[in-house]
Amino acid sequence: MPRHSAAVYRRRRLVLLVALILFLAVIGISVWLLVARPWASAAEPTPSPTVSESGTPEPSSTPDPTAGESPSPEPTGEETPGIVACEARDVEVSAVTDADSYQSGVLPKLSISLTNRGAADCAIDVGSTTQVFTVSSGSDVWWRSTDCQENPSSMIATLAAGATVTSKVPVVWDRTRSSVETCEQENRPRAPGGGSSYHVSVEIGGFKGATTKQILLY
């Protein structure tokens, strides 16, 4: 059998070495592909938001950091009870004047006093819409505050139990006879003086004063 030269053996060893290197390289690349999975981010679908029947997008199932917390308590009717409306049996209404008698040319200023005789706070409309002042002499009604009232308004206020309040801005009687037909007249009949007696009655929020306040005009 003929002997091969040393050059032939060297070529064979080189071919085997190159083949071994290529084999190891293929194995190494395969292992890296299995471990690193560089395609995973592109191949795996990203969850998209679902749509409800109404067509409104709903968020995907992303964990909510506050999901384990208890919701904040909301005020209930027991924690913030509403103020009930005042009742006639609890409210005392009285007429108040800045004086008992008035000299010639002095105009009476009329106010309202409210007292809550009940055991609980109550709500009442104290706006000008519900206020009525009436000045009478015997059975003759001389003046009514609503006859020529302008821009009446409502204002709901809380009347504390046991409290007494008086209107801050008085209504002025110009000492004339009023009617809805004579509001623009400058020469309306003037109330007689000389010590004449008049009575002021009041109503507010649908509650009438039980008594009247007497005043004298001079």
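Predicted, not measured: the structure shown is a model, and the values here were computed from it.

This part takes up the pairing of strand S5 (residues 109-116). The buried count for S5 comes to seven of eight residues, which makes it a mostly enclosed element. Relative to S5, strand S3 (residues 91-97) runs antiparallel, the two sharing seven bridges. When the bridges of S5 are listed, Val96 appears paired with Ser111. Here S5 runs beside strand S11 (residues 171-172); their pairing, made up of two bridges, is antiparallel. Paired with Leu110 across the two strands is Val171, which belongs to S11. Looking at chain direction, S5 and strand S10 (residues 164-166) are connected through three bridges and run antiparallel.

Turning to the confidence of the model for the protein, a few remarks are in order. Of all residues in the protein, 70% attain a pLDDT of 70 or more, and the chain-wide mean is 79. Note that residues 36-80 has pLDDT below 50 and, in this model, 13 contacts with residues that lie over four places away or in other chains.

So, how was this worked out
For every chain, the first residue of the written sequence is number 1, and numbering continues from 1 onward in sequence order. Predicted model: local features are reported for residues with pLDDT of at least 70 only, side-chain atom pairs are reported and counted for 80 or more only, and whole-chain, interface and lining totals are derived from all residues. As a rule here, side-chain values come from all non-hydrogen atoms in the structure, and water together with hydrogens is ignored. Here the term buried applies to any residue with accessible area under 20% of the maximum for its type, exposed to any over 50%, and partly exposed to those in between, with areas from a 1.4 Å probe on protein chains only. A run of H or I in DSSP counts as a helix once it spans at least four residues, and a run of E counts as a strand once it spans at least two, with each numbered from the N terminus. Pairing between two strands requires that DSSP report at least two bridges joining them. Each residue carries a pLDDT score, the predictor's confidence in it, ranging from 0 to 100. Working rule for contacts: check all heavy atoms of both residues, and any pair within 4.5 Å makes them a contact.

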